[in-house]
Amino acid sequence: GPGIRPPGTPNGVPELATPVIFTDPALATGTVIRAAHFTELRTAVNAVRVLANIGAGSYTDPGLSVGLAVKAAHIIDLRNALNAARATLLLPPITYTRAVAAGTMVATPDINDLRTGVR
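Just so you know, the residues in each chain are numbered from 1, in the order the chain's sequence is written. pLDDT decides what is reported in this predicted model: residues at 70 or higher carry local features, side-chain atom pairs at 80 or more are listed and counted, and totals for whole chains, interfaces and linings draw on all residues regardless. To obtain the side-chain values, all non-hydrogen atoms of the structure were included, while hydrogens and water were left out.

Go over the side chain of Glu 40 with me, naming the residues and quoting the values.
By the criteria applied, helices consist of DSSP H or I runs no shorter than four residues and strands consist of E runs no shorter than two, each listed in order from the N terminus. Position of Glu 40 relative to the elements: it lies in helix α1 (residues 35-51). Three exposure classes are used, based on accessible area relative to the maximum for each residue type with a 1.4 Å probe and protein chains only: buried under 20%, partly exposed in between, and exposed over 50%. His is not counted, nor are the chain ends; Lys and Arg add positive charge and Asp and Glu add negative charge. In the sections that follow, a salt bridge refers to a side-chain nitrogen of Lys or Arg positioned within 4 Å of a carboxyl oxygen of Asp or Glu. Put simply, Glu 40 is tucked away with no salt bridge, and the nearest opposite charge, on Arg 115, sits 4.2 Å away. The criterion used for residue contact is that any of the two residues' heavy atoms lie within 4.5 Å. Once you skip the residues sitting within four places of it in the chain, Glu 40 turns out to touch Val 20, Ile 21, Phe 22, Thr 23 and Arg 115.

Run through helix α2 (residues 72-88), naming residues and quoting values.
Multiplying 1.5 Å by the residue count of a helix minus one yields the expected span of that helix. Taking 1.5 Å per residue, 17 residues should reach 24 Å; α2 reaches 24 Å between its end C-alpha atoms and fits that length. Taken residue by residue, α2 has Ala 72, His 74, Ile 75, Asp 77, Leu 78, Arg 79, Ala 81, Leu 82, Ala 85 and Arg 86 as its buried positions. Remark: Leu 90 follows α2 within two positions and exhibits a positive phi of approximately 60°.

Break down unusual backbone geometry for me, citing the residues and quoting the values.
Despite not being glycine, Asn 53 has its phi angle at roughly 65°, a positive value. Within the secondary structure layout, Asn 53 lies in the loop between α1 and α2. Here Asn 53 falls in the exposed class, since its relative accessible area comes to 69%. Backbone geometry places Leu 90, a non-glycine residue, at a positive phi of 60°.

Pulling in residues and values, what's your account of helix α3 (residues 108-117)?
The element α3 is extensively covered by neighbouring structure, given that seven of its 10 residues are classed as buried. Inspection of α3 places Thr 108, Asp 110, Ile 111, Asp 113, Leu 114, Arg 115 and Gly 117 among the buried residues, and these make up the whole buried set.

The following block contains the structure:
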């Protein structure tokens, strides 16, 4: 299951150890973002939230399906859910590559930042 690795990085900050295998492990610029990417991220974020003892997150369009348009709200929900879990676990906050707000087109850095945050 998920856990926190003991301090072992050069600055002594603990790291998450969430065993999630992602489809398309390294999303290169221009990769088509798929429903599977969000489903896997929700699973990983929820694992971190369970570790923090704060329960699963709340997500826009909980039943993602093929053909559903990717929305900024999907990224914002994941960020909020992960940020709360990391804060509860006293882990450092994530520095996101891009600001995302309503109307922002979702891009691969948004997915990659979240993936980094659950590891």
